[in-house]
Amino acid sequence: MGWYILKRIVQTIPVIVFATLIIYALVFLRPGDPVLNLFGDKPVSEATRATIESQYNLDKPFIVQWLLFLKGAVTFDFGTSFSGQPVIDQIQRAFPVSVTLALMAVAFEAVFAIIIGTYAGIRRGGWFDGVSLVVSLVIVAVPIFVIGFLFQIFIGIKAGIDWLPATVGGDWTVTDLIMPAIVLGLTSLAFAMRLTRGSVSENLAADHVRTARAKGLSEGKVVRNHVLRNSLIPVVTFLGADLGTLMAGAIVTEGIFNIPGIGGLAYSAILKGESPTIVSVVTLMVLIYVVMSLLVDLLYAWLDPRIRYA
């Protein structure tokens, strides 16, 4: 197991390097002038342009910009944004709120998906199973920005619940993120619920489950020890990958609820063409994906003793 972990960690290096290279190439080739974006498309003197391009290495080929970024990233020096703020400071301010939001969303979807999906899988073909499938299809069909606005209007504004504000803002608390976390996790909840339902239903017909019942074990013990444990393997895989997805894809939710997270930072950097900020945020997302993938692989061995790594 130790050799496997070390091998996976070493494998992350080329993944991160090539991810930053691709993103830097895309930023370099995007249309528009980052200097003009900085000045709001107002005329810029040649002297000012030359100074800004030299300061942010915009006058160099993209491969040189990329190598300079990698050199600084080794010491966590991601350069400065066009506003003059260190990129690492911006990430440190935005990262905690995005992590909190994503963890709350994953916790929400994991609890309800496993409970609803397990019960629907056990009672497959019943009324509860039918209702849960219809609700999941509706959730998947409705865009997340529509769900967000509906929650914002009917719960945040019309209901007037103090601990469920319509907008979050910079001075945020954990309770302020409850409604955005529910909105963010709803779509993934629908997928995880259907995945749990299918996995539970499949494992109920397995030979080892029939053997456990033949031995006289109660239905509760059969479900807990023989059905649910094996059924959670694909669900854990989905939830682990989804944590990185939620952090990277929370731009819409953070925009609706005015959350100063990593998604808003990335969106603002894309509009301004700030390559150091964009690549830094994407590198962070790649790291999260890699770490979550490693943790999911390690959880396999705990959930299913038959899985072993050389």
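Residues numbered from 1 in each chain as written. Predicted model: local features only at pLDDT ≥ 70, side-chain atom pairs only at ≥ 80, totals over all residues. Heavy atoms only, no water.

1. Digging into the overall build of the protein
In step 1: When its secondary structure is counted, the protein shows 13 helices and zero strands.
In step 2: When the helices and strands of the protein are placed in sequence order, the string is α-α-α-α-α-α-α-α-α-α-α-α-α.
In step 3: C-alpha extents for the protein along the principal axes are approximately 85 × 55 × 30 Å.
In step 4: Of all 310 residues assigned to the protein, the portion counted as buried reaches 42%.
In step 5: Contacts in the protein between residues at least 24 apart in sequence constitute 74% of all its contacts with a sequence separation of at least 6.
In step 6: With the model as given, the accessible surface of the protein reaches about 16,200 Å², and the carbon-plus-sulfur share is 70%.
In step 7: When the 22 basic and 20 acidic side-chain charges of the protein are each reduced to a single mean position, those positions are 13 Å apart. (Helix = DSSP H or I, 4+ residues; strand = E, 2+ residues; numbered from the N terminus. Buried < 20%, exposed > 50% of the residue type's maximum accessible area, 1.4 Å probe, protein only. Contact = heavy atoms within 4.5 Å. Areas by Shrake-Rupley, 256 points an atom, 1.4 Å probe, with all protein chains shown as cover. Lys, Arg positive; Asp, Glu negative; His and termini not counted. Charge placed at Lys NZ, Arg CZ, Asp CG, Glu CD.)

2. Some thoughts on helix 7 (residues 144-158)
In step 1: With 15 residues, helix 7 extends 20 Å between its outermost C-alpha atoms, agreeing within 8% with the 21 Å of an ideal straight helix rising 1.5 Å per residue.
In step 2: Along its length, helix 7 reaches its greatest deviation from straightness, about 25°, at Q152.
In step 3: Taken together, the buried positions of helix 7 are occupied by I147, G148, Q152 and G156.
In step 4: Next to the buried residues of helix 7 lie helix 6 (127-141), helix 8 (178-204) and helix 11 (251-256).
In step 5: Directly after helix 7, the chain includes G160, whose backbone phi takes a positive value near 65°. (Expected span 1.5 Å × (residues − 1). Bend = angle between axes of the 7 residues up to and from the residue.)

3. Describing the packing of aromatic side chains
In step 1: For the structure on display, the rule yields three aromatic pairs.
In step 2: Summarising the aromatic geometry, the rings of F108 and F112 are spaced 5.2 Å apart at their centres and angled 50° between planes, so their arrangement reads as tilted. A residue pair is termed a helical-turn pair when its members lie 3 or 4 positions apart in one helix, as F108 and F112 do in helix 5 (residues 87-122) at four residues.
In step 3: Looking at F108, the relative accessible area reads 17%, which means it is buried.
In step 4: Here the aromatic rings of Y119 and F128 are separated by 4.9 Å at their centres, their planes lie at 90°, and the arrangement is edge-to-face.
In step 5: Given a relative accessible area of 40%, Y119 falls into the partly exposed group.
In step 6: A relative accessible area of 25% means that F128 is categorised as partly exposed. (Phe/Tyr/Trp six-rings, centres within 6.5 Å; stacked < 30°, edge-to-face > 60°.)

4. Regarding a nonpolar patch on the surface
In step 1: On the surface, F145, F149, L150, I153, F154, I157 and V252 cluster together into a nonpolar patch covering about 640 Å² of accessible area.
In step 2: The element best represented in the nonpolar patch is helix 7, accounting for six residues.
In step 3: Of note, V252 is situated in helix 11. (Patch = residues over 30% accessible without salt bridge, like charges linked within 9 Å, V, L, I, M, F, W, Y side chains within 5 Å. Salt bridge = Lys/Arg side-chain N within 4 Å of Asp/Glu carboxyl O.)

5. Focus: the nonpolar core
In step 1: Formed by 54 residues in total, the largest nonpolar core has its most connected members in L101, L177, F257, I259 and I262.
In step 2: Of all the secondary structure elements, the ones that give two or more residues to this core are helix 1 (2-29), helix 4 (62-73), helix 5, helix 8, helix 10 (219-248), helix 12 (262-272) and helix 13 (275-303).
In step 3: Counting residues per element, this core draws most heavily on helix 5, at twelve residues.
In step 4: Aside from chain neighbours lying at most four places away, what touches I259 is V97, L101, V168, L177, P180, T253 and E254. (Core = buried A, V, L, I, M, F, W, Y, C linked by side-chain atoms within 4.5 Å.)

6. A word on unusual backbone geometry
In step 1: Non-glycine residue N258 carries a positive phi angle of around 55°.
In step 2: Here N258 shows up in the loop between helix 11 and helix 12.

7. Things to note about the side chain of S136
In step 1: Among the secondary structure elements, S136 is positioned in helix 6.
In step 2: For S136, the residues in contact, after removing those within four places along its chain, are A190, M193 and R194.

8. Some details on the side chain of E109
In step 1: With respect to the helices, strands and loops of the structure, E109 is situated in helix 5.
In step 2: Buried within the structure, E109 lacks any salt-bridge partner; its nearest side chain of opposite charge belongs to R194, at an N-O separation of 13 Å.
In step 3: Residue contacts for E109: discarding those within four places in its chain leaves I114, G185, S188, L189, A192, F238, L239, D242 and L246.

9. Topic: the environment of K272
In step 1: In this fold, K272 is placed in helix 12.
In step 2: Taking the C-alpha atoms as reference, K272 lies 46 Å from S231; in sequence the two are 41 residues apart.

Shape is all these values report; function is a separate question.
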